[in-house]
Amino acid sequence: MARIVAGIATSHVPAIGVAMDKGTSSNPYWQPLFEGYKPAQKWLAELAPDVAIIVYNDHASAFSLALIPTFLIGVAAKFPIADEGFGPRPVPAVIGHPELAWHLAESLILDEFDMTIANEMPVDHGLTVPLTVTCGAPAAWPFPVIPLCVNVVQYPPPTGARCYKLGQAIRRAIDAFDEDLRVVIYGTGGMSHQLQGERAGLINRQFDTAFLDGLTKDPVALTKITHTEYMREAGSEGVEMVMWHVMRGALDDQVTEVYRHYHVPASNTAAGLILLENRSPA
Ligand code: DHB
Ligand code: FE
């Protein structure tokens, strides 16, 4: 049977990808951030999952305001790297896992989550930066990836509670897949940041720390945070953190926090990362 063995949550700030691609990750601005990613890379290399589900949002790269799927799953064999205005990032293409992705699509839709299905889709920094942060710069990504997009760009995004329930449905689907696959799931985005308007540059360390604590110990309480609270406490783009609930809903109720890293600033963003292992044996 397939099993979810661990969850990863991480910010997906595009400038982190640029620093890696341009070779500036060891300069004084970036060094402390990248130093903190090393234990995560070591842990993931040792865990050696067979496949990853990466929950992220498209930033008007694959979709525009013409089409706004609330929840979407990518079932392709390969996902090209999106051109976000400066050419595609020089990173390997993302290899999919169509068999597991179609199983997930069927299972989630029959479990009453109305997923959009993407047979073709370029993937942007929301997906590639988390791979960079946790895998470094390999010649090929070490595992296939199933992209799962959540709309957090156009109001109304789904609630944190709905995202958590989607995670629980993903867990049920993985548990019912009849092949011995060890799966990791990523939730991406956040942490506190606001890129526009009068409060541009807003960071809220207290909120972020409480969120990281709650994610490990009492995730259901965190699912009650409203969109307005995210906006007020974590800035207009802080609402990306609803995607962390998808990851958390897919894990055991009790998890072991393996590691966390929190660094300000990364561009205009508080960059956070947390690694959670399921208690049930893999
Ligand atoms: C930025 C963009 C993002 O999508 C994000 O999640 C954080 C920061 C940025 O443009 O700096
Ligand atoms: Fe983002």
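Our subject in this report is the structure included herewith.

Criteria and cut-off values
Along every chain, residues carry numbers that run from 1 in the direction the sequence is written. All chains are assigned letters beginning with A, and all ligands numbers beginning with 1, in the order in which they are written. With pLDDT at 70 or above as the cut-off, local features in this predicted model cover only qualifying residues; side-chain atom pairs require 80 or more to be listed or tallied, and sums for whole chains, interfaces and linings still use all residues. With hydrogens and water excluded, all non-hydrogen atoms of the structure serve as input to the side-chain values. Each metal site is built from N, O and S donor atoms within 2.8 Å (3.2 Å for Na, K and Ca), and since water is not included, such sites may look incomplete. Counting from the N terminus, the helices are the DSSP runs of H or I reaching at least four residues and the strands are the DSSP runs of E reaching at least two. Categorising residues by exposure relies on relative accessible area from a 1.4 Å probe, with only protein chains included: less than 20% of the type maximum marks a residue as buried, more than 50% marks it as exposed, and the intermediate range marks it as partly exposed. Every axis in this analysis is a line fitted to C-alpha atoms, fitted for helices over the stretch in contact. Angles between the N-to-C directions lie between 0 and 180 degrees. Orientation is classified from the angle alone, with under 35 degrees giving roughly parallel, over 145 giving roughly antiparallel, 65 to 115 giving roughly perpendicular, and any other angle giving oblique. In this scheme the crossing of two helices becomes right-handed for a clockwise turn of the near helix relative to the far one and left-handed for an anticlockwise turn of less than a right angle. The contact criterion used is simple: two residues touch if any of their non-hydrogen atoms lie within 4.5 Å. Asp, Glu, Lys and Arg are counted as charged, while Ala, Val, Leu, Ile, Met, Phe, Trp, Tyr, Cys and Pro are counted as nonpolar; the rest, among them Gly, fall into the polar class. Pairing between strands requires that DSSP locate at least two bridges from one strand to the other.

1. Some thoughts on the coordination of the iron ion (ligand 2)
On the protein side, the iron ion (ligand 2) has His-12 (NE2), His-59 (NE2) and Glu-240 (OE) as donor atoms, found 2.0 to 2.2 Å from it. Along the chain, the residues donating to the iron ion (ligand 2) are arranged with the sequence spacing H-x46-H-x180-E. Separated by 47 residues along the polypeptide, His-12 in the loop between strand 1 (3-10) and helix 1 (14-22) and His-59 in the loop between strand 2 (51-56) and strand 3 (71-74) bring together distant segments of the chain. By relative accessible area, which is 25% here, His-59 ends up partly exposed.

2. Here's the deal with the packing of helix 6 (residues 160-175) against helix 10 (residues 242-249)
Where helix 6 contacts helix 10, the two axes come as close as 6 Å, and the packing angle between them is 30°. As judged from the angle between their axes, helix 6 and helix 10 are roughly parallel. At the point where helix 6 passes helix 10, the crossing takes the right-handed sense. Only Val-242, His-245, Val-246, Arg-248 and Gly-249 of helix 10 make contact with helix 6, whose side of the interface consists of Gly-160, Cys-163, Tyr-164, Leu-166, Gly-167, Gln-168 and Ile-170. Across the contact of helix 6 with helix 10, the residue classes tally to six nonpolar, five polar and one charged.

3. A look at the pairing of strand 8 (residues 182-188)
Counting buried positions over the seven residues of strand 8 gives six, a clear majority of the element. Two elements, strand 1 and strand 8, share seven bridges in a ladder whose sense is parallel. Each bridged residue has a counterpart across the sheet, and for Ala-6 the counterpart in strand 8 is Val-184. Two elements, strand 2 and strand 8, share five bridges in a ladder whose sense is parallel. Across the sheet, the residue bridging to Ile-53 is Ile-185, located in strand 8.

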